[in-house]
Amino acid sequence: MCDTCGCNVTDGNRHLIQGDGKLARTESGSEAISVLQGLLSENDRTAAHNREHFDRHRVLAVNLMSSPGSGKTRLLEETITLLGDSLRIAVIEGDLETENDAQRIRDKGIAAVQITTGTACHLDAHMVHDALHALDLDQIDVLFIENVGNLVCPASFDLGQHRNVTLLSVTEGDDKPAKYPVMFRAADLMLISKSDLLGVLDDFVPEKAERHLRELASTAPVVRLSARSGDGMQRWLDWLRSEHAAAQTRAANGETLRPAIQPDGQRMHAHETTRPHHHDGHHHRHD
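Quick caveat: nothing in here was measured; it's all calculated off a predicted structure.

Cut-off values and rules
- Residues numbered from 1 in each chain as written.
- Predicted model: local features only at pLDDT ≥ 70, side-chain atom pairs only at ≥ 80, totals over all residues.
- Heavy atoms only, no water.
- Helix = DSSP H or I, 4+ residues; strand = E, 2+ residues; numbered from the N terminus.
- Expected span 1.5 Å × (residues − 1).
- Buried < 20%, exposed > 50% of the residue type's maximum accessible area, 1.4 Å probe, protein only.
- Contact = heavy atoms within 4.5 Å.

A. Region of interest: helix α2 (residues 72-83). Taking 1.5 Å per residue, 12 residues should reach 16 Å; α2 reaches 16 Å between its end C-alpha atoms and fits that length. Of all 12 residues in α2, 9 are buried, a share of seventy percent or more. Taken residue by residue, α2 has Lys72, Thr73, Leu75, Leu76, Glu77, Glu78, Thr79, Ile80 and Leu83 as its buried positions. In the segment just after α2, Gly84 is the residue with positive phi, at about 60°.

Printed below as a string of structure tokens:
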């Protein structure tokens, strides 16, 4: 995990390396790689625990990922409106600071728990586990986990979710899947959002974006939609209903589903952790 962007230690896992924490001492006392492996292992253990909760309560957990400003919260607002009472929704919101997005969801009459991560550029399973204490899973059909806006780190951490949905806004480049392969390989569904702007942003070609996705050997469906105009929203809702039904069947059969967490992303973090950092005044930027 990268020291510069702050994702090596989060508020969710900090207890593991401080004081008498489980990872406070490594074999020889301080190896960064040992701490990294321990944190990843503990994250996966907590994620499995979270998924057991979701399966027991027959909740479909969906992780929403994208760069900042791609429209995740706006999509959730419109999804809540269109679904009405047909599926009971709750949301866990991840942001560096503020409760703005969670409040927008609460204003729709939906339970929302805000996680403020500080410097951490992704959610982890420990944060999600803590947030679950504020939710009644028996009253939820679909739990959305809106991850921190970032096209790098969120794809590499299991939160306990069943499915990953990655948004690609038409205000971004259509080559983003090629530039950020770890994120887009993790997608179980790619949403091309803000499609109502395609008429004025003619440099974004949806077919090129899908071609770049397929070049990653991904078979994930691609849906173009606009939460503003409503175009494509029905396909998104149909996907959600189908996934919820599949989750119900799995739960009845004692089965589960683990998302496509990307080990190459975890290796990238490992390299960043052990690489000497030169403080030249520049910071990593995840866009």
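B. Up close: the side chain of Glu243. Along the polypeptide, Glu243 turns up in helix α8 (residues 233-252). Residue classification places Glu243 among the buried residues on the basis of a relative accessible area of 10%. Each residue touching Glu243, except ones within four places of it in the same chain, is listed here: Leu60 and Arg163.

C. Main features of the side chain of Glu77. By secondary structure assignment, the location of Glu77 is in helix α2. Sequence-distant contacts of Glu77, that is, excluding residues within four places in its chain, are made with Arg104, Ile105 and Lys108.

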